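# Notes for the structure review
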Amino acid sequence: MNRARLDKLFTVMLAGVLAGLALAAAALPAALVFGLGFKNLMPYAELPESLRAPQPAQRSNLYANDGRTLITSFYVEDRVDVPVNEVAPVMRQAMVAAEDVRFYQHHGVDVRGVVRAFAVNGREGTRQGASTLTMQYVRNALASDPRLTAEQRARATEITLGRKIREARYALALEREVSKDEILSRYLNIAYFGAGAYGIAAASKRYFSTTPAQLTLAQAALLAGLVRAPAADDPINGNADTALSRRAYVLDRMVETGQVDAATAAQAKAEQLDLEPSATPNDCTAVPAAHNDWGFFCDWFTQWWNAQPAFGKSADERQRTLRRGGWKIVSSLDPDVQGKAMEQVLAVYAKTNQRAAPTAVVQPGTGRVLAMAVNRNYSVAGNPNGQQNYPNTVNQLIAGGGGIVGYQAGSTFKLFALLAALESGLPLDTRFDAPSKYVTRYPIDGGTANCGGHWCPANANPLWMDGEHTMWSAFGRSVNSYFAWLTERVGADRVVEMAERLGIVFRAPDDAKLARDGAKNWGAFTLGVSASTPLDLANAYATVAAEGVWCRPTPVSSITDSSGRKVAAGSADCRQVLDTDVARAAVDAARCPVGDQSMYRRCNGGTAEELRPGLRRPLAGKTGSSERNATETVVAFTPQLAVATIAANPDDPRDAVGGGVQVRQIAAVGQLLVYALRAQPVLDFVPPSQTVAYRRTAPRAGN
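Residues numbered from 1 in each chain as written. Predicted model: local features only at pLDDT ≥ 70, side-chain atom pairs only at ≥ 80, totals over all residues. Heavy atoms only, no water.

## Side note on the pairing of strand β15 (residues 556-560)
Buried residues dominate β15, accounting for 4 of its 5 residues. Examined bridge by bridge, strand β3 (residues 328-331) and β15 share 4 bridges and lie antiparallel to one another. Within β15, the position partnered with Ser-331 by the bridge is Val-556. (Buried < 20%, exposed > 50% of the residue type's maximum accessible area, 1.4 Å probe, protein only. Helix = DSSP H or I, 4+ residues; strand = E, 2+ residues; numbered from the N terminus. Pairing = 2+ DSSP bridges.)

Written out as C-alpha cells, the structure reads:
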C-alpha cells in the first residue's frame, strides 16, 4: 500500500486518535473527499469476552459478622461497580460533557469529532483528542481485564495503527449490542480518577467521602475533569489549581450542551474545592487504628483464603482472585466479643509484657471463630534486638502458621486420652489407684520424668491427687499418673489419632515426625508436650461441646461474588467425628475441673473450681500446665461457646510464665464468657447414657 493510501486509511480509522497528530490532520480531508466510509473500511469485529462479559478488577471487602462493619479491603485497583441508576444524573452529564459531547449521537466512532479536533489543532496548535467515550471504554476494558495476560493487556494501550483500528472496530460492534446507558455505566465504573481510585464509587469516596448518588454538580464536574490526566490533575496530591481549571472547563461544556444554565454553572465554579478525602484500607495492616487487634483475625483470614482451592490452583492465584474479584466477605468476627476478649487478655498481660496470652473464641457446631486476641500490636514496625514478636508482630500467634508452631498446652491434652478410652469401650467409672509416680512402658531419653529409661510422670500435688480415681475425678483434679495408666491401656497412638481427628495440627517438625513414626511410644503426648495453639485447642473442645460434630475452623459466615451470588466456600464444613454418647461422656467429666457437677454427681474437686460460680450456667473445661510452668492454659466451654487461652513467651520458650498467671487466666475466661453469653439462653449439656458412664462395652465406633 502506498503512503498516500495509508494516510487516508489511517485518518479514517483513527476516530479516537489524538487529533494533534500531524498525520491525521493531513489525511482526513483526503479521506472525506474520496468518500471512504467506516462501514467499508472497518467491518464490525467479533467482540472479545473482555467486552462481551467484562470482569474488571474490583476490590474485595471483609466485614464483621454484622455485614456492615468494615474490617478492611483487598485490592490491586480500588474499584467497586455500581449500576448507572445509582450515579447522580449530574455525574453522568458531566462525564459526557467532559469526554464525548456527541456520545448519544454517534455509533461508537465520531467522524465529526475528528474533524473538529484536527481543525482546532491545526488552527491553534493544541492537542484536542477525538476518541469517543465508547472507544475509551474499549481501551480500558482490554487493558484491565485480569483474565488476560500481561502482554495482552499491554497491547490495548500500545501506540500503533493496528491498535487504533481494532479499538474503533470494537467500538462500532459494541454499540450494536450494548445500550448507550450500559456503556456509560461501564465507563464510569472502569475509568481511573487518580489518587488510587478506579471507578466512580471509589472516586466519590476518595475525594469527597460520599457515594456516587450524592455527588453535587461541582463535585461531579471536578471528578469528570480528572479522567483526562488523572495523575497530573489529582488535587489530593497538590494539583488543586489544575483540577479547578478542569472543573471550570467541564462546567462550561455542560452549559454549551444545555445540561445546566450559566448561572448554575457559575455558582458551582465559585464553590471552594472542599475536598474530604478518605482512603480505602488495603490489606490487614490497614484495619482501623482503633481496632488494631482485628489485624490478627484478618491475617488468619488470608491464611484461610490462600488454602481454598475454590479460588485458584495456587496461593498466588488465590490472592489475585481475592484482590480482583469484588467479593463481599461477611466474616465470623464479632466485634463485641473481640473487644471483650482483648480487654481480658490485657488483664492477663499488658502490651508492655514480653509474655503473651493468645486467646481464641469458637462457636461449637459451626466452627466460626468469633474472636482472636493477643497483647501485641499488629504491625510491621521494628522491635528491640532479639524480639521477633514483641511488641509488634504480624505473625499468627493465635492460630499458628508462618513459622509459629504454637505452645505446649499441658494437661488440656488429657481430653484426647479420655475420649480414646471412652471410644475403646471403657466407662467413665473406670477406676485406678493412682500412685504419686507411675512408671510406664514407654521409652524416654533424659528429662525429669525418666525412670530407668521409661517415662514416669508424677502428680503435681500428691496429697490431693494420689489414690483411687475414676475418669470424673482424675480429669477434675488432673491426675497425671491416672492418665499415664489410661494411655497405656488405650494405646498412645490412639490418643494421638484422637487429637488429630479433633483438629490438632502438628506444626513443629519434631512433633509431626513423632506423630507419624513414633506415636505408639509417645506416652507423654497425653500431658500436652506437643505444641498447639489456642485456636486448635478451642476448636477441639468445641467439637466435644457440639456432641462430636467437628467443624473446620472458619473466619467467614458467607462469601458473595461481585454479581451477588453466594459461593459454597463460605459454608460451614462439619462432620460427625465422635459417637454422640462418647462426646457427652467427655463433657460430663469436663464439668469437674471448672467447678460444675456431672450429671451423675461424680465430680470431686477441680483445678479451676472458681469458674462455674461466676458464670451461673452449665460449664465444662480444663486447665493445663507444662513442665516448670513454662506455659499455662485454660479452656472452658458451654454448648454455645468455647474459649482457649495460653500464656507463653513466643520469643523465648525458656522463659517460664509461672503458675500464678493461671489465676488471672481463669478470671479472664470467666469474664469473657459472662459477657459473650449475656444475651443467650442458658443451655444445659445432654447427659451421657448409663452405659457409657458405668459399663464396659465393645468399642463405640460412632454414629
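The structure having been displayed, the exposition proceeds.
## Description of the packing of aromatic side chains
Under the counting rule described, the total for this entry stands at 27 aromatic pairs. Ring plane angle 45° and centroid distance 6.1 Å describe the contact between Phe-506 and Trp-522, whose orientation is recorded as tilted. Taken together, the residues span a long stretch of sequence, with Phe-506 in the loop between α23 (492-501) and α24 (509-517) and Trp-522 in the loop between α24 and β13 (531-532) at a distance of 16 residues. Per residue, the accessibility class of Phe-506 equals that of Trp-522, and both read buried. Seen from their ring centres, Phe-506 and Phe-525 are 5.9 Å apart, and the 65° between their planes marks the pair as edge-to-face. Of this pair, Phe-506 sits in the loop between α23 and α24 while Phe-525 sits in the loop between α24 and β13, placing them 19 residues apart in sequence. Overall, the relative accessible area of 12% leaves Phe-506 in the buried class. (Phe/Tyr/Trp six-rings, centres within 6.5 Å; stacked < 30°, edge-to-face > 60°.)

## What to know about the sheet that holds strand β2 (residues 70-74)
Taken together, the 4 strands give an open sheet; going across it, the order is β2-β1-β3-β15, and neighbouring strands pair in mixed fashion. In the strand order of this sheet, the two ends are held by β2 and β15, each with one partner. Recorded for the sheet is a direction-independent mean angle of 15° between the axes of neighbouring strands. Two strands pair when backbone bridges link them, and strand β1 (residues 60-63) and β2 are joined in this way by 4 bridges, in the antiparallel orientation. Looking at the pairing, Leu-62 lines up with Thr-72 of β2. (Axes fitted to C-alpha atoms, helices over the stretch in contact; angles between N-to-C directions.)

## Some thoughts on the side chain of Thr-633
Within the secondary structure layout, Thr-633 lies in strand β18 (residues 632-637). For Thr-633, a relative accessible area of 0% translates into the label buried. Those residues in contact with Thr-633 that sit more than four places away from it in its chain are Gln-408, Ala-409, Thr-412, Leu-537, Lys-622, Thr-623, Gly-624, Thr-645, Ile-646, Gln-662 and Gln-665. (Contact = heavy atoms within 4.5 Å.)

## What about the state of the cysteines?
Inspection of the entire model under this criterion finds 4 disulfides. Each sulfur in the disulfide pair Cys-284 and Cys-298 lies 2.0 Å from the other. An S-S torsion of about -80° defines the bridge between Cys-284 and Cys-298 as left-handed. Residue Cys-284 is found in the loop between α15 (262-270) and α16 (294-306), and its partner Cys-298 is found in helix α16; the two are separated by 14 residues along the sequence. Judged by relative accessible area, Cys-284 falls into the buried class, the value being 3%. A disulfide bridge connects Cys-551 with Cys-574, and the sulfur atoms are separated by 2.1 Å. Because the torsion about its S-S bond is 110°, the bridge between Cys-551 and Cys-574 counts as right-handed. Remark: Cys-574 occurs in strand β16 (residues 574-576) and Cys-551 occurs in strand β14 (residues 549-551); sequence separation between them is 23 residues. Here the disulfide map of the protein reads 1-2, 3-4, 5-6, 7-8, the bonded cysteines being numbered as they appear in the sequence. (Disulfide = S-S within 2.5 Å.)

## Topic: unusual backbone geometry
Across the junction of Tyr-390 and Pro-391, the peptide omega takes the value -5°, indicating a cis bond. Among the structural elements, Pro-391 can be located in the loop between β6 (377-378) and β7 (392-393). With phi around 80°, Asp-283 is a residue other than glycine that occupies positive phi space. You can see Asp-283 is positioned in the loop between α15 and α16. Backbone geometry at Arg-616 places phi at a positive 60°, although glycine is not the residue there. We classify Arg-616 as exposed; its relative accessible area is 68%.

## What about the packing of helix α18 (residues 335-348) against helix α28 (residues 661-676)?
Interaxial distance between α18 and α28 falls to 9 Å at its minimum, and their mutual angle equals 165°. Judged on the interaxial angle alone, α28 and α18 are roughly antiparallel. Regarding α18 and α28, the two cross each other, and that crossing is right-handed. Note on element contacts: α28 touches α18 through Val-661, Arg-664, Gln-665, Ala-667, Ala-668, Gln-671, Leu-672, Tyr-675 and Ala-676, opposite Asp-336, Val-337, Lys-340, Ala-341, Gln-344, Ala-347 and Val-348. By residue class, the composition of the contact of α18 with α28 is 10 nonpolar, 3 polar and 3 charged. (Parallel < 35°, antiparallel > 145°, perpendicular 65-115°, else oblique. Left-handed = near helix turned anticlockwise from the far one by under 90°. Nonpolar A, V, L, I, M, F, W, Y, C, P; charged D, E, K, R; others polar.)

## With respect to the sheet that holds strand β19 (residues 642-647)
Strand order in the open sheet formed by 5 strands is β5-β4-β19-β18-β17, and the pairing between neighbours is antiparallel. Because the sheet does not close on itself, it has two edges, and the strands there are β5 (369-373) and β17 (620-625). Taken pair by pair, the neighbouring strands of this sheet meet at an average axis angle of 5°, ignoring direction.

## A look at the pattern of salt bridges
Applying the stated rule across the entire model yields 34 salt bridges. Between Asp-684 and Arg-591 there is a salt bridge whose closest N-O contact spans 3.3 Å. Placement of the pair is Asp-684 in the loop between α28 and α29 (690-694) and Arg-591 in the loop between α26 (580-590) and α27 (611-615), with a sequence separation of 93 residues. Taking the relative accessible area as the measure of exposure, Asp-684 reaches 46% and is therefore partly exposed. Across the pair Arg-612 and Asp-596 runs a salt bridge, and its minimum N-O distance is 3.4 Å. Of this pair, Arg-612 sits in helix α27 while Asp-596 sits in the loop between α26 and α27, placing them 16 residues apart in sequence. Given the relative accessible area of 22%, Arg-612 is considered partly exposed. Note on Asp-596: relative accessible area 11%, which makes it buried. Salt bridges linked by common partners bring Arg-139, Arg-163, Lys-164 and Glu-167 together as one network. (Salt bridge = Lys/Arg side-chain N within 4 Å of Asp/Glu carboxyl O.)

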